[in-house]
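# Structural characterization, general
The lines below spell out each chain.
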Amino acid sequence: MKENFRTDLAHVLVSEGGWADHPRDPGGATMKGVTLRTYRRFFGQEKTREDLRNIPDPELEQIYAQGYWNKCRCDDLCPGVDLTVFDGAVNSGPGASVRWLQAAVGTGQDGVIGPITLARVVETDPIDLVHRVCDLRITFLHGLFTWPDFGRGWRRRVERLRSAAVAMAQGLAAGEPVVPSVDYRTVKRGSRGIWVKKLQQALKIHVDGFFGIETKKALEDFQRENGLEADGIAGRITYRALGLIE
């Protein structure tokens, strides 16, 4: 529904995180799920990393509305279903998310929402539809070769989304989205603090908040075992592989 856009966006942004610009991250500078390349495509090549880091809410909303919400015709979907399709579009692309919706209602899966798809959506119980789409999304993600690395975080994202969407479909308030640990801090040997403790807990080694030789070795072993660059530095890619962020 049209009036749900900002509420649904708040839930989506829970999983998209904050600022990230680690030099070893091939994704480059990203703020709230928006890459610098995307930001420049919408608002001009003169936009800088600092502009992206301080992106105003109206610009952020425009990118998510035009890039995902409108492409999936979420204005025409009922509460809960709109959030389900929107989040799937942001995570895996509008075409994939629409195809899951179409598969769930039994129409042709061309990735474009038209009158037939919308009619079937209206005829389907919204709570049941939320569950069907979420299950199809999990099945798709589970089939990706990167599931062993990122599956835990993906599943947590989908289940958090499912819970909020079902509440909306029931006519209940989904509640304020609970922000997970996504504004991470890159850590390496010599670092101290909460993100070192999170890393040590995930690696199942002694937790003391200091990144020493033991932590570096355990991290490098994990990175090698999971096909990551064994550089002994914990950033976005490593944290996602550990399931600490999505």
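All of these numbers come straight from a predicted model, not from anything done at the bench.

Reading guide: rules and limits
- Residues numbered from 1 in each chain as written.
- Predicted model: local features only at pLDDT ≥ 70, side-chain atom pairs only at ≥ 80, totals over all residues.
- Heavy atoms only, no water.
- Helix = DSSP H or I, 4+ residues; strand = E, 2+ residues; numbered from the N terminus.
- Polar contact = N/O pair within 3.5 Å; in protein donor to acceptor, adjacent residues only side chain to side chain.
- Contact = heavy atoms within 4.5 Å.
- Phe/Tyr/Trp six-rings, centres within 6.5 Å; stacked < 30°, edge-to-face > 60°.
- Buried < 20%, exposed > 50% of the residue type's maximum accessible area, 1.4 Å probe, protein only.
- Salt bridge = Lys/Arg side-chain N within 4 Å of Asp/Glu carboxyl O.

### Some words on the side chain of arginine 162
Mapped onto the secondary structure, arginine 162 falls in helix 9 (residues 147–169). Within polar-contact distance, the side chain of arginine 162 engages the side chain of aspartate 135 at 3.0 Å. Within the structure, arginine 162 has its side chain in polar contact with the side chain of glutamate 159 (distance 2.9 Å). With residues near it in sequence (within four places) discarded, arginine 162 still touches Val130, His131, Cys134 and Asp135.

### Quick look at the packing of aromatic side chains
Taken as a whole, this structure holds nine aromatic pairs when the rule is applied. Pairing tyrosine 64 with tyrosine 68 gives two aromatic rings, centres 5.7 Å apart and planes at 35 degrees, and the pair type is tilted. Of this pair, tyrosine 64 and tyrosine 68 both sit in helix 4 (residues 57–69), four residues apart, roughly one helical turn. Taking the relative accessible area as the measure of exposure, tyrosine 68 reaches 23% and is therefore partly exposed. With 5.4 Å between their ring centres and 55 degrees between their planes, tryptophan 100 and phenylalanine 140 make a pair best called tilted.

### What to know about the pattern of salt bridges
Scanning the entire structure with this criterion turns up 12 salt bridges. Residue arginine 162 pairs with aspartate 135 through a salt bridge whose shortest N-O separation is 3.0 Å. Placement of arginine 162 in helix 9 and of aspartate 135 in helix 8 (residues 126–142) is noted, with a sequence separation of 27 residues between them. For lysine 217, the salt bridge goes to aspartate 221, with nearest N and O atoms at 3.0 Å. In this pair, lysine 217 and aspartate 221 are both assigned in helix 11 (residues 213–225), four residues apart and thus about one turn of the helix distant. Relative accessible area serves as the criterion here: at 52%, lysine 217 is assigned to the exposed category. Via salt bridges that share partners, Glu16, Asp87, Arg137 and Arg157 belong to a single interconnected network.

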